[in-house]
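Given next are the chains, with one letter for each unit.
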Amino acid sequence: MKDWRYWLAEQRGTLLAFGIFIVMFVIYTSNHPAGFTANVVQTAANKGVLLAFVAMAQTLVVITAGIDLSVGMIFLLTNCLASWLVVGTPMQTTLGVLAVLAVGLLCGAINGAIVIYGRLQPIVATIATGAVYYGIGLLLRPFPGGSVNEDLADALTGRVFGVVPASLVVLLAIVLVIWVPFSRSVLGRAAYAAGSSETAAYMSGVPIRRGKFAAYTLAGLLAAIGGLFLTFFTYTGEAAYASGNAYTLFSIAAVVLGGVSLFGGKGSAIGAIFGALAFRTIGDLLFVFDFDPLWQPLFQGVILLVAVSLGAFALFRVRNRLEWFL
Amino acid sequence: MSETTLGGIAGRMPRFIRRADPAVLTAFACIVLLLFLGSLYSGSFLSPEYLLQQLKVASFLGVIATGMMLVVLLGQIDLSVPWSMAAGAMMACAAAAYGPAGVVLAIPFGILCGVLIGIVNGIGVAYLRIPSMIITLATNAVAQGLMVVYTGGFSPQDSATGAMRYLATGFAIPGVPNAVIIWALIGAAMVFVLTRTSFGRTVYGIGNRERAAYLSGIDTRRVVMIAFAVSGGLSAFGGVLLAGYASKAAQSMGDAYLLPSIAAVVLGGTSILGGRGSYLGTVAGVILITLLQSILSVMQMPEAGRQIIYGVVIVAMLLLYGRAPASR
């Protein structure tokens, strides 16, 4: 096989997610009353970027064959924290942003430490830490409120040169600064190797613990970036349990749509980003076609159900029935 | 569970002590500790009325945790508990609005809805081989969507039937709340199924190694599907009881039961990887969780503090005895 074929096979999930997103977005904009304008794109980008950050966070953990059910809650917690800290003079705002990101890193590191060094199952451990993070968020914001540095918020949610949504530029920057170096580093490879086959990776002397720890920690950071952006969009902080849960759920949906294998070791954050954007666009299709918003949760649930069931097609390729049981 | 075939009736008592799981013992020790701490805080904490009240509250969680335990023993997890509960409760209350026949069929109908959700989970996990965590999250979302469409986004106005209220709050035997009796019956049935039937043995077998169970001629996929259906049905029944207790179904009534039901099962020493655990442990876990919640509410801890303490306690206890082996 030629090189490009390998590349194509490796990126198939990502390309598929990209394709789904493009198709959905074309349907969305062509039926939108305002059409394909900078405003429509900006609004869609701002909504999609939130989920994209949380989905990236989920991807990092899923690659290691784990799962982080607390991403939505870290997202809420950092939103509540940002509504206190990211205010005032540019200096204070900068410090506030750094503090929020540090808290996200810390949350991710706690998850990682409990799962890797405490040897607990990721599902139970992250549900429990999620409860803690939600509790802290509720402590910070018992009622919705707070404020944010509006100059910064408007700059990051507006448009660059009047055309390109600034949030997409930030998303691209984060991918270049966090995802690309991580996935090419030794730790990133260790995370992939641990997800693919932990025993084999261990036997080959790959630093799996450090790799997994880095993945969980960076997941916390990415969720915190999402939380910051939520604050920039809403100008407030709110600890809404349902919203945190929804983001956790949607992040899994986005990861699945983005071609990341839930068994670990396969997929990329880029795919998850397109998965997130596609998921958001599909959810918004209902508004374009004038459905009652009440139907949206059901619609999103059905999409999720169909998306995860698509994975079952792999069963047709199974030659030995014993491969049903991993 | 293989040693249950060994030893006779004579060896029963010593074996019971010998086999006592350190996790179950720790859980019971923690219950005693919580009771002690509670009695220091308030004198009425150890009064029979208060403890009976706690047992009644615990029985709702107990019913749900029973189903969760069955699924966890398989090495799977059921995250569709919240909306299985809400769907069961809402559908039971909705059926009650359709005349006398509806009132009679309210409880079975509610449970049936839960069973249906469970069957979808089971088909996904057993036949489509989708990770249980993912498919149950998805069915949870679909159930939520269906209920939101049905209720229009508000809590439904239909109220619980008399039978539901009687089951949740009545006293068939003086002094013993009905809910506790129901939990005892369901628990006894579960113990029987797990220890005395081939279905129960199969569940442990699949939890240990599904491949081996399949090769020994068991239709493992059918067993997995039935287990999920039972779990869904019990979640819905828990929701029906809770609706009877509150005399109404509510939108987010199930949210507060997902983490506790998993925590109760896991704190009771059932391995989250499946194949190991006893119902006694789950009983201990349920009582432990309920007492913890009750102490926090007696201390008038706000919701935020409760969530934090709750998460910390669960992580701490799991670190104490729920860790995976270090060996590779």
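Structure first, text after, so check above.
Residues numbered from 1 in each chain as written. Chains lettered and ligands numbered in written order. Predicted model: local features only at pLDDT ≥ 70, side-chain atom pairs only at ≥ 80, totals over all residues. Heavy atoms only, no water.

Visitor: I'd like a description of the overall build of chain A, backed by residues and values.
Guide: Looking only at helices and strands, chain A has 14 helices and 2 strands in total. Expected size for 326 residues packed as a compact globule is a radius of gyration near 20 Å; at 20 Å, chain A falls within 12% of this value. With the C-alpha coordinates aligned to their principal axes, the bounding extent of chain A is approximately 60 × 45 × 35 Å. For chain A, contacts bridging at least 24 residues in sequence account for 76% of all contacts bridging at least 6. Of the roughly 14300 Å² of accessible surface on chain A, 67% is carried by carbon and sulfur atoms. Taking the average location of the 17 positive side-chain charges in chain A and that of its 12 negative ones, the two points are 16 Å from each other. (Helix = DSSP H or I, 4+ residues; strand = E, 2+ residues; numbered from the N terminus. Rg over C-alpha atoms; globule rule 2.2 N^0.38 Å. Contact = heavy atoms within 4.5 Å. Areas by Shrake-Rupley, 256 points an atom, 1.4 Å probe, with all protein chains shown as cover. Lys, Arg positive; Asp, Glu negative; His and termini not counted. Charge placed at Lys NZ, Arg CZ, Asp CG, Glu CD.)

Visitor: Break down the overall build of chain B for me, with residues and values.
Guide: Across its full length, chain B carries 14 helices and 0 strands. Computed over C-alpha atoms, the radius of gyration of chain B comes to 20 Å, within 12% of the 20 Å expected from 2.2 N^0.38 for 328 residues, which places it in the range of a compact globule. Seen through its principal axes, chain B has C-alpha atoms that stretch 55 × 55 × 40 Å. Across the 328 residues in chain B, those meeting the buried criterion constitute 53%. A separation threshold of at least 6 residues defines the contact pool for chain B, and within that pool the share at least 24 residues apart is 76%. A total of about 13600 Å² of accessible surface is found on chain B, and carbon and sulfur atoms cover 69% of it. One way to put it: in chain B the 18 positive side-chain charges average out to a point 10 Å from where the 9 negative ones average out. (Buried < 20%, exposed > 50% of the residue type's maximum accessible area, 1.4 Å probe, protein only.)

Visitor: Any chance you could break down helix α5 (residues 99-127) of chain B for me, citing the residues and the numbers?
Guide: At 3.6 residues per turn, the α-helix brings residues three or four places apart onto the same side. All names here are of chain B. Here α5 spans 39 Å end to end across 29 residues, near enough to the 42 Å set by a 1.5 Å rise per residue. At Ala106, α5 is bent by approximately 55 degrees, the largest bend along its length, and proline Pro108 sits one to four residues beyond. A positive phi of about 55 degrees marks Arg129, the residue just after α5. (Expected span 1.5 Å × (residues − 1). Bend = angle between axes of the 7 residues up to and from the residue.)

Visitor: Pulling in residues and values, what's your account of the interface of chain A and chain B?
Guide: Facing the 47 residues of chain A at the interface are 49 residues of chain B. When the two sides are added together, the surface that chain A and chain B hide from each other amounts to roughly 4300 Å², 80% of it contributed by carbon and sulfur. Applying the counting criterion to the chain A and chain B interface returns 0 salt bridges. At the boundary of chain A and chain B, one finds 0 residue pairs in polar contact (both at pLDDT 80 or more). Those elements that provide at least two residues to the side of chain A that touches chain B are α5 (90-117), α6 (122-140), α10 (198-203), α11 (208-234), α12 (241-257) and α14 (296-310) of chain A. Residue contributions to the side of chain A that touches chain B peak at 13 residues, all from α6 of chain A. Looking at the side of chain A that touches chain B, its residues break down into 36 nonpolar, 6 polar and 5 charged. (Buried area = accessible area lost by both parts, 1.4 Å probe. Salt bridge = Lys/Arg side-chain N within 4 Å of Asp/Glu carboxyl O. Polar contact = N/O pair within 3.5 Å; in protein donor to acceptor, adjacent residues only side chain to side chain. Nonpolar A, V, L, I, M, F, W, Y, C, P; charged D, E, K, R; others polar.)

Visitor: Could you give an account of the pattern of salt bridges, with specific residues and numbers?
Guide: According to the stated counting rule, one finds 4 salt bridges over all chains in the structure shown. The partner of Glu198 of chain A in a salt bridge is Lys212 of chain A, with the nearest N and O atoms 3.4 Å apart. Linking Glu198 of chain A in helix α10 with Lys212 of chain A in helix α11, this pair joins segments that are 14 residues apart in sequence. Residue classification places Glu198 of chain A among the partly exposed positions, given a relative accessible area of 29%. Where Arg129 of chain B meets Glu210 of chain B, a salt bridge forms, and the shortest distance between an N and an O atom there is 3.2 Å.

Visitor: I'd like a description of the nonpolar core, backed by residues and values.
Guide: Counting 198 residues, the largest nonpolar core has Met56 and Ile225 of chain A together with Leu79 and Ile262 of chain B as its most contacted members. Residue contributions to this core peak at 16 residues, all from helix α3 (residues 38-63) of chain A. Residues within four places of Met56 of chain A in sequence aside, it is in contact with Leu171, Ile174, Val175, Trp179, Leu222, Ala269 and Ile273 of chain A. (Core = buried A, V, L, I, M, F, W, Y, C linked by side-chain atoms within 4.5 Å.)

Visitor: A description of the packing of α5 of chain A against α6 of chain A should follow, citing residues and the corresponding values.
Guide: Residues and elements named next belong to chain A. Where α5 contacts α6, the two axes come as close as 10 Å, and the packing angle between them is 145 degrees. For the pair α5 and α6, the sense of crossing is right-handed. Facing Cys107, Ile110, Asn111, Ile114 and Val115 of α5, the residues of α6 in contact are Pro122, Ala125, Thr126, Thr129 and Tyr133. Here the contact of α5 with α6 is built from residues that sort into 7 nonpolar, 3 polar and no charged. (Axes fitted to C-alpha atoms, helices over the stretch in contact; angles between N-to-C directions. Left-handed = near helix turned anticlockwise from the far one by under 90°.)

Visitor: Account for the environment of Leu51 of chain B, with residues named and values stated.
Guide: Residues and elements named next belong to chain B. Position of Leu51 relative to the elements: it lies in helix α3 (residues 48-73). Residue classification places Leu51 among the partly exposed residues on the basis of a relative accessible area of 31%. Sequence spacing of Leu51 and Ala94 is 43 residues, and the spatial spacing of their C-alpha atoms is 33 Å. When sequence neighbours within four positions are dropped, the list of residues in contact with Leu51 reads Leu35, Phe45 and Leu46.

Visitor: Outline the state of the cysteines, supporting the account with residue identities and numerical values.
Guide: This model, assessed by the stated rule, comprises 0 disulfides over all chains. With no disulfide of its own, Cys80 of chain A has Cys107 of chain A as its nearest cysteine by sulfur position, at a separation of 12 Å. (Disulfide = S-S within 2.5 Å.)

Visitor: Explain the side chain of Arg280 of chain A to me, and be specific about the residues and the numbers.
Guide: Among the secondary structure elements, Arg280 of chain A is positioned in helix α13 (residues 269-288). Residues contacting Arg280 of chain A, with those up to four places away along its chain left out, are Lys47, Gly48, Leu51, Tyr247, Phe250 and Gln300 of chain A.

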